[in-house]
Amino acid sequence: CWSHFSFICVCRGFASSSSRNREDSWFKSLFVRKVDPRKDAHSNLLTKNEESNLYKIQFHNVKPECLDAYNKLCEDVLPSIHADKYYPCELVGTWNTWYGEQDQAVHLWRYRGGYPALTEVMNKLRQNKEFTAYRMERGKMLLSRRNQLLLEFSFWNEPVPREGPNIYELRSYQLRPGTMIEWGNYWARAIQYRQRNREAVGGFFSQIGDLYMVHHLWAYKDLLSREETRNAVWQQEGWHEVVYYTVPLIQRMDSRIMIPTKASPLK
């Protein structure tokens, strides 16, 4: 009987402790910066509304024997489009995946005029014979390709060219549908912990393509610097709470370590 009584007491104690932990977690969550809960599209709540840029990220899986030729082809064509004011777009960065999917190229473009700028660029490139030839030659080298249209989070810095050499990590998160605002609430607070070493490059969420996708782009000097920087953030008060609350929002996550190509403004 005594052992049974003790077991009941322990269970009640555990339940009480669990209840206190839930209450404590709920109380702490009140201090997370909140997005205004208006009845509005997520994109309007999470971006810089007056100056929102549209981004396109491209993933090209290249035939292994063609990677060098593919890189050379991109180096000959993409910078000229980036530099030509006739096209309202900018090449933010272009990389080869080092760790992750092998023989893969990743390109990130910015369209400062939003969807009209994207349409204008597409229409003009159809008339560009050099670009048409580039696409035909590129097609012979690819196994597959896919892209997404993205918007940038308002609380992240806009990606700007930086000196190298650096390695880049693209961390991609497939969120549970309906959780994008919640993710934005927590990361609006979390980004302050990841600015001290200038590792934060850009944060984006998908509009067309795979939906409820988030991409965080980070820069490090090397893999050791990455490890040291990521370990150091755990020593900052509040970081563990961000992880605790955001992990349940994720369905799937992926990490790529990428090396900039010669054509990349992000070195």
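Criteria and thresholds
The residue numbering used here restarts from 1 in each chain and proceeds along that chain's sequence as written. Per-residue local features of the predicted model are confined to residues with pLDDT of at least 70, and side-chain atom pairs are confined, for both listing and counting, to 80 or more; whole-chain, interface and lining totals are unaffected and use all residues. Excluded from the side-chain calculation are hydrogens and water; included are all heavy atoms of the structure. UniProt positions are given in the numbering used here, feature names are shortened, and annotations may be inferred rather than shown by experiment. By definition, any uninterrupted DSSP run of H or I lasting at least four residues is a helix, any uninterrupted run of E lasting at least two residues is a strand, and each is numbered from the N terminus. The buried label applies to any residue whose accessible area, calculated with a 1.4 Å probe on protein chains only, is under 20% of its type's maximum; exposed applies above 50%, and partly exposed to all values in between. Working rule for contacts: check all heavy atoms of both residues, and any pair within 4.5 Å makes them a contact. For the accessible areas, the method is Shrake-Rupley and the probe is 1.4 Å, while residue cover comes only from the protein chains on display. Strands were regarded as paired on the criterion that DSSP finds at least two bridges between them. For this quantity, the arc is that covered by the directions from the helix axis to the C-beta atoms. Each polar contact in these results corresponds to two N or O atoms within 3.5 Å; when the atoms are within protein, one needs to be able to donate a hydrogen and the other to accept it, and residues that are neighboring in sequence are counted only if both atoms are side-chain atoms. Only Phe, Tyr and Trp rings are paired, with Trp represented by its six-membered ring, and only when their centres lie within 6.5 Å; those with planes under 30 degrees apart are stacked, over 60 edge-to-face, the remainder tilted.

An unreviewed UniProt entry lists the chain under the name Nipsnap homolog 2, with Nothobranchius furzeri as the source organism. Its UniProt record gives the chain the following Subcellular location (unreviewed entry) comment, quoted word for word: "Mitochondrion matrix". Per UniProt, the chain carries the Function (unreviewed entry) text "Protein involved in mitophagy. Accumulates on the mitochondria surface in response to mitochondrial depolarization and acts as a 'eat me' signal by recruiting proteins involved in selective autophagy."

Draft legend 1. Main features of the overall build of the chain. On a plain count of helices and strands, the chain comes out with eight helices and eight strands. Expressed as a percentage of the 267 residues in the chain, the buried residues total 48%. For the chain, the proportion of contacts with a sequence separation of at least 24, taken over those separated by at least 6, is 82%. Of the roughly 14,700 Å² of accessible surface on the chain, a fraction of 55% belongs to carbon and sulfur atoms.

Draft legend 2. Expanded view of the pairing of strand 3 (residues 104–111). Burial within strand 3 is extensive, with eight of its eight residues counted as buried. Of the two faces of strand 3, the one lined by Gln104, Val106, Leu108 and Arg110 and the one lined by Ala105, His107, Trp109 and Tyr111 are each fully buried. Both strand 1 (residues 54–62) and strand 3 contribute to a ladder of eight bridges, which runs antiparallel. Residue pairing across strands places Asn61 opposite Gln104, the latter belonging to strand 3. The pairing of strand 2 (residues 90–99) with strand 3 spans six bridges and is classified as antiparallel. Looking at the pairing, Gly93 lines up with Leu108 of strand 3. Where strand 2 folds back onto strand 3 in an antiparallel hairpin, the turn is made up of four residues, including Gly100, whose phi is positive at roughly 130°.

Draft legend 3. Region of interest: the environment of Asn197. One can find Asn197 in the loop between helix 6 (180–190) and strand 6 (200–208). Under the relative-accessibility criterion, Asn197 is labelled exposed at 52%. Separated by 32 residues in the primary sequence, Asn197 and Thr229 place their C-alpha atoms 7.6 Å from one another.

Draft legend 4. Molecular detail of helix 5 (residues 129–139). Every buried residue belonging to helix 5 is among Phe131, Tyr134 and Arg138, and all of these are buried. Taken around the axis of helix 5, the buried residues stretch over an arc of 55°, which confines them to a single face. Facing away from the buried side of helix 5 by over 90 degrees, the exposed positions are Lys129 and Met136. Of the surrounding elements, those touching the buried residues of helix 5 are strand 1, helix 3 (67–83), helix 4 (114–126) and strand 4 (142–152). Where helix 5 starts, the residue carrying a side-chain oxygen 3.0 Å from the main-chain nitrogen of Glu130 turns out to be Asn128.

Draft legend 5. Examining the packing of aromatic side chains more closely. Counted under the stated rule, the structure contains 17 aromatic pairs. Here the aromatic rings of Tyr186 and Tyr245 are separated by 5.3 Å at their centres, their planes lie at 5°, and the arrangement is stacked. Separated by 59 residues along the polypeptide, Tyr186 in helix 6 and Tyr245 in helix 8 (residues 239–246) bring together distant segments of the chain. In this structure Tyr245 comes out as buried when scored by relative accessible area, which is 16%. Judged by centre distance (6.4 Å) and plane angle (85°), the rings of Trp234 and Trp239 are edge-to-face.

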